[in-house]
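The lines below spell out each chain.
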Amino acid sequence: MRFVLVHGAFGGAHVWERVIPGLQAAGHTVEAIDLPGSGEDRTPVAEVTLRRYAERVCEALAAGPPAVLVGHSMGGMAITQAAALRPDLPTGLIYVAAFLPAEGESLIDLTHRPEAGEDQVQANLVVQGDPPVATLTPEGARLATCQLATDEQAAWAEERRGGQPVVPFTQPFTLEGADRDAFAALPRAYVIARQDRAIWPELQRFMATRAGCDPVREIDTDHSVWLTAPDELVAALVDVAPALAARREAETAQ
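The rules behind the values
- Residues numbered from 1 in each chain as written.
- Predicted model: local features only at pLDDT ≥ 70, side-chain atom pairs only at ≥ 80, totals over all residues.
- Heavy atoms only, no water.
- Pairing = 2+ DSSP bridges.
- Helix = DSSP H or I, 4+ residues; strand = E, 2+ residues; numbered from the N terminus.
- Right-handed = clockwise from strand over helix to strand, strands pointing away.
- 1 Å grid on protein atoms, 1.4 Å probe; cavity = no way out; pocket = protein on both sides within 12 Å on 5 of 7 lines; lining within 4 Å.
- Points joined across faces, edges and corners; volume = space filled by probe spheres on them.
- Nonpolar A, V, L, I, M, F, W, Y, C, P; charged D, E, K, R; others polar.
- Buried < 20%, exposed > 50% of the residue type's maximum accessible area, 1.4 Å probe, protein only.
- Arc of directions from axis to C-beta.
- Contact = heavy atoms within 4.5 Å.
- Axes fitted to C-alpha atoms, helices over the stretch in contact; angles between N-to-C directions.
- Parallel < 35°, antiparallel > 145°, perpendicular 65-115°, else oblique.
- Left-handed = near helix turned anticlockwise from the far one by under 90°.

## A closer look at the pairing of strand 2 (residues 29–33)
Inference 1: Both strand 1 (residues 2–6) and strand 2 contribute to a ladder of five bridges, which runs parallel. Along strand 2, the bridge assignment pairs Val4 with Glu31.
Inference 2: Taking the sense of rotation as the criterion, the β-α-β connection linking strand 1, helix 1 (residues 20–25) and strand 2 turns out right-handed.

Below you can see the structure in the form of structure tokens.
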């Protein structure tokens, strides 16, 4: 089975370094990508949009055989929009402590829902520039995203944390021009982080239920699941992916 892994805000393909070996050891093919303007990608900030994120994901999917698409945090917005653009490409979607929008919702809209609780990312953002770029201080990042990390893990993440263009936060997920039935038929799963301070667990459960995610798994860790609980995350992905692939195969055979 092929996995395409999509990082969240302030991140890059590197965040999956602790997850990839476990998936490969389980016999899977894995690709982690940099979204535009993140990691090693040098797309200018002014050109970074949710649509560009989705197009980059679609490019990665189209470059190989059918894949399970995994999105963490903001990456959930990217994989949802990508799946709307090309519902023929993924075999299923797995959201890992991720934003999962309904039509017309932006990431910012989701952070304003009553289930969002005390979102520590929004509370600690520093936004500067035009077009605006958000950053987190080391203290804010530790509080918001990886409070359960060891000092070594937190230092590793801090060395690699980048700025985040703000515009994609504000842009709504859209199904305009999409094959709505094909998009709706895509199987979805969710991995909840029980001690998440960036996307409150209650919001994760709300989004997973609303979108009909099945299976849903929970891991007792913080927002940076790939950092603080990589083995548990691998086990969850290996567990739920075959169910999504089987459902996808059954639906396409009808």
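Next comes the rest of the description.
## What about empty space enclosed by the protein?
Inference 1: Inspection of the entire model under this criterion finds one cavity of 30 Å³ or more.
Inference 2: In this structure, the largest cavity encloses a volume near 340 Å³.
Inference 3: If you trace the largest cavity, you find 28 residues lining it, with Ala9, Phe10, Ser73, Thr145 and His223 closest to the centre.
Inference 4: Residue classes in the lining of the largest cavity are distributed as 14 nonpolar, 11 polar and three charged.

## Quick notes on helix 10 (residues 201–210)
Inference 1: Of all the positions in helix 10, only Pro201, Leu203, Gln204, Met207 and Ala208 are classed as buried. With its buried residues spanning 160 degrees around the axis, helix 10 presents them on a single face.
Inference 2: Looking at the buried side of helix 10, the elements it contacts are helix 4 (107–111), strand 8 (188–193) and strand 9 (216–219).
Inference 3: Backbone geometry just after helix 10 places Gly212 at a positive phi near 75 degrees.

## Some points on the packing of helix 2 (residues 50–62) against helix 3 (residues 75–85)
Inference 1: As a packed pair, helix 2 and helix 3 sit with axes 8 Å apart at the nearest point and diverge in direction by 70 degrees. Between helix 2 and helix 3, the angle is such that the two are roughly perpendicular. For the crossing formed where helix 2 meets helix 3, the hand is right-handed. Contacts from Leu50, Arg51, Tyr53, Ala54, Glu55, Val57 and Cys58 in helix 2 reach Met77, Ala78, Gln81, Ala82 and Leu85 in helix 3.

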